[in-house]
Amino acid sequence: MKPRVAFFDFASCEGCQLQVANLEETLLDVLALVDVVSFREVMKEHSDDYDIALVEGSIARRMDEERLQEIRKRAKVLIAFGACAHLGGVQRLGNHWSPEENKRIVYDGADPRDIGDGNPFFEQPRHRAVDEVVPVDAFIPGCPVNRDEFARVLVALLTGNKPPIPEYPVCVECKKKENVCLFTVGKVCMGPVTRAGCGAACPTFGNECEACRGYISHPQEQAQADVLVKYGLTPDEILSRKTLFTSRYLEGGRTA
Ligand code: SF4
Ligand code: SF4
Ligand code: SF4
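Residues numbered from 1 in each chain as written. Chains lettered and ligands numbered in written order. Predicted model: local features only at pLDDT ≥ 70, side-chain atom pairs only at ≥ 80, totals over all residues. Heavy atoms only, no water.

K.L.:
Quick one: what's the story with the site of ligand 2, residue by residue and with numbers?
P.N.:
What surrounds ligand 2 is the set Val170, Cys171, Cys174, Lys175, Cys181, Leu182, Phe183, Cys189, Gly191, Pro192 and Pro203. With 4 residues, helix α9 (residues 170-176) is the single largest residue contributor to the shell around ligand 2. Its residues assigned to classes, the shell around ligand 2 shows 9 nonpolar, 1 polar and 1 charged. (Near = heavy atom within 4 Å. Helix = DSSP H or I, 4+ residues; strand = E, 2+ residues; numbered from the N terminus. Nonpolar A, V, L, I, M, F, W, Y, C, P; charged D, E, K, R; others polar.)

So, in structure tokens, the structure goes:
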């Protein structure tokens, strides 16, 4: 009998699930290995009997926490996929302000009754990564996830192997592509401390890496600091500029 797989979404744009739905030529290979029993984006059927839970999205509300705990109880293996589940996502930036400040900034001028003062979002608006709420067996980084990497991680877990998530920085892939380093043209980039695997997607097209794949576990922080000093920046300056996906680290969470 094939392992039964179920997909779940929490606070997210559902773009990572869309990546999986778009697996295209790899899809049949994946379906040969597993039975998908729940996947709201692509099928109506749902079953609470599953072996592997794939969780997308950050956990913000009490009701999300309880739902996730139920999923964890049922699943033998739980995989957090995408930056929202892995790091808390862009929405985690809201943790820097109080619920009242977020409400004022986002809904300035709106009648509170229109947005609902009893809105559960405002009851517990602190976004967390999935592994800050329940134990996680594996994670797949990225915003969105790379669908080929998704398939590789799933196959590795199904065959009892370690998920092939790179433990070296984006700079390695960037150098292999012989890109001009963005620091030399006055930009700043999180490539030196960010987990590779995206093929240096952003710097290759002239865009600064925002660390959507999270930091590598053991970044060469001193080497990064040396690069910053060379280009007239301090670590504090770059951290204050690059907060899109890095709130988790600024809050002191672990670096997986
Ligand atoms: S990680 Fe990015 S693409 Fe995936 S659900 Fe979150 S916001 Fe969407
Ligand atoms: S552009 Fe970014 S990823 Fe590429 S070498 Fe420079 S710092 Fe590293
Ligand atoms: S270059 Fe950085 S921000 Fe862009 S996809 Fe890769 S890890 Fe994410």
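K.L.:
How would you sum up the domain arrangement of the protein chain? Please name residues and give values.
P.N.:
When cut into domains, the protein chain gives domain 1 (4-158) and domain 2 (170-251). For domain 1 versus domain 2, the separation of C-alpha centres amounts to 26 Å. The contact between domain 1 and domain 2 buries some 1300 Å² in all, and 54% of this surface belongs to carbon and sulfur atoms. Three residues, Leu87, Arg92 and Leu93, lead the burial of domain 1 against domain 2; their summed loss comes to 35% of the area buried on that side. (Domains from an automatic or database assignment. Buried area = accessible area lost by both parts, 1.4 Å probe.)

K.L.:
Lay out the site of ligand 3 with the relevant residues and their values.
P.N.:
Close to ligand 3 lie Thr194, Cys198, Cys202, Pro203, Cys209, Glu210, Ala211, Cys212 and Arg213, which account for all nearby residues. When grouped by side-chain class, the residues that make up the shell around ligand 3 number 6 nonpolar, 1 polar and 2 charged.

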